[in-house]
Amino acid sequence: MHITNIISQYFGKFAKTEFPSFIQKIINKVYVKSMKLDMSEFRNEKFYKSLNDLFTRELAIARQINEDEKVFISPTDSLITQAGDVKGDLALQIKGMEYSFEELLTYNCANNFEKLVDGKYMNFYLSPRDYHRYHSPCDFEVKRLLHVPGKLYPVNLKYLNKQIDLFAENERVILECVHEDKLFYMVFVGALNVGQMVFEFEPKVETNTDVRDIQIYEYEDKKIKKGDCLGYFKMGSTVVMFWEKGFVELEELIGQSVKYGQSICQKN
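Throughout what follows, the structure given in this document is the object of discussion. (Residues numbered from 1 in each chain as written. Predicted model: local features only at pLDDT ≥ 70, side-chain atom pairs only at ≥ 80, totals over all residues. Heavy atoms only, no water.)

Read across the sheet, 3 strands follow the order β6-β12-β10 without closing on themselves; strand pairing throughout is antiparallel. Looking at strand neighbours, the two that pair on one side only are β6 (133–135) and β10 (197–199), the edges of this open sheet. Shown here is a sheet whose adjacent strand axes are inclined to one another by a mean of 20°, direction ignored. Judged from the 3 bridges that link them, β10 and strand β12 (residues 229–233) form a sheet pairing that is antiparallel. Opposite Phe 199, over in β12, you have Gly 231 as the bridge partner. (Pairing = 2+ DSSP bridges. Helix = DSSP H or I, 4+ residues; strand = E, 2+ residues; numbered from the N terminus. Axes fitted to C-alpha atoms, helices over the stretch in contact; angles between N-to-C directions.)

With antiparallel pairing, the 3 strands of this open sheet are ordered in space as β1-β16-β14. In this open sheet, the two edge strands, each paired with only one partner strand, are β1 (71–73) and β14 (248–250). Neighbour-to-neighbour, the strand axes of this sheet turn through a mean angle of 30°, independent of strand direction. Bridging between β1 and strand β16 (residues 263–267) involves 3 bridges; their strand directions are antiparallel. For Val 71, the partnering residue across the bridge sits in β16 and is Gln 266.

Core analysis: the biggest nonpolar cluster contains 36 residues, and Phe 72, Phe 184, Phe 188 and Trp 243 have the highest contact counts within it. Once residues within four sequence positions are removed from consideration, Phe 72 is found in contact with Pro 137, Cys 138, Phe 184, Met 241, Trp 243, Phe 247, Val 248, Gln 262, Ser 263, Ile 264, Cys 265 and Lys 267. (Core = buried A, V, L, I, M, F, W, Y, C linked by side-chain atoms within 4.5 Å. Buried < 20%, exposed > 50% of the residue type's maximum accessible area, 1.4 Å probe, protein only. Contact = heavy atoms within 4.5 Å.)

In this section: the side chain of Gln 24. Here Gln 24 shows up in helix α2 (residues 21–35). Setting aside residues no more than four positions away along its own chain, Gln 24 makes contact with Thr 17, Glu 18, Phe 19, Tyr 48, Lys 49, Ser 50 and Leu 51.

Take a look at the structure:
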């Protein structure tokens with residue numbers, strides 16, 4: 001097991017510990033203040049029983065989402081670190097740092113590689129201060145879920161600039177999705193101190209464990225509605241989306257912060 005996985009496991013044990021109420025309130029208050037969390041849409045920090053409970057907090061006030069059927073909404077509150085055209089099979093991890101979607105998605109998705117060539121992609125970075133739940137960007141059907149074990153390097157901007165093939169090195173969960181017969185992928189990338197990635201429709205998925213082999217779950221008629229909660233990171237991390245060629249036109253969002261529910265692209 002890589003040192004990044006071991007560190008993340010120890011942090012995960014601390015984060016899920018429920019300390020005595022007066023101590024937990026202090027921990028939560030310090031975290032909210034130091035990370036400058038905006039809690040206006042959530043319960044007061046004193047009500048969360050552990051750091052994990054705070055990290056994975058649900059919205060207390062329902063978020064308004066863009067209901068336009070032609071629009072894909074952001075699945076997360078995050079920073080768009082890179083987006084644009086896939087050049088052959090290459091996308092940008094960060095400016096000047098390329099990676100191959102074939103390596104990211106693994107040979108198990110090879111039957112669909114041709115569809116993704118010259119398609120579109122977008123990278124969403126969730127910092128520790130962001131809302132950590134991820135949602136459906138549109139109505140879609142999940143065809144497969146792939147859990148790919150790996151390392152847990154940090155995914156912040158500093159590491160993105162120096163660690164080659166970071167997304168393809170890290171542990172990740174891949175959703176193969178279909179919307180109106182068009183293909184797209186959502187890739188949830190683990191990171192340092194992300195003890196787990198949780199998927200509410202597939203409780204069998206357990207990340208940051210001693211699993212060594214790729215785990216594949218296949219579905220029939222697994223339909224998910226736009227805005228549904230898919231799951232959550234237990235700490236900040238990254239989501240990458242890929243759309244097949246000719247499917248969507250992206251909005252100009254590189255370097256901007258987005259909120260779950262706002263438009264990120266429109267169908268052609």
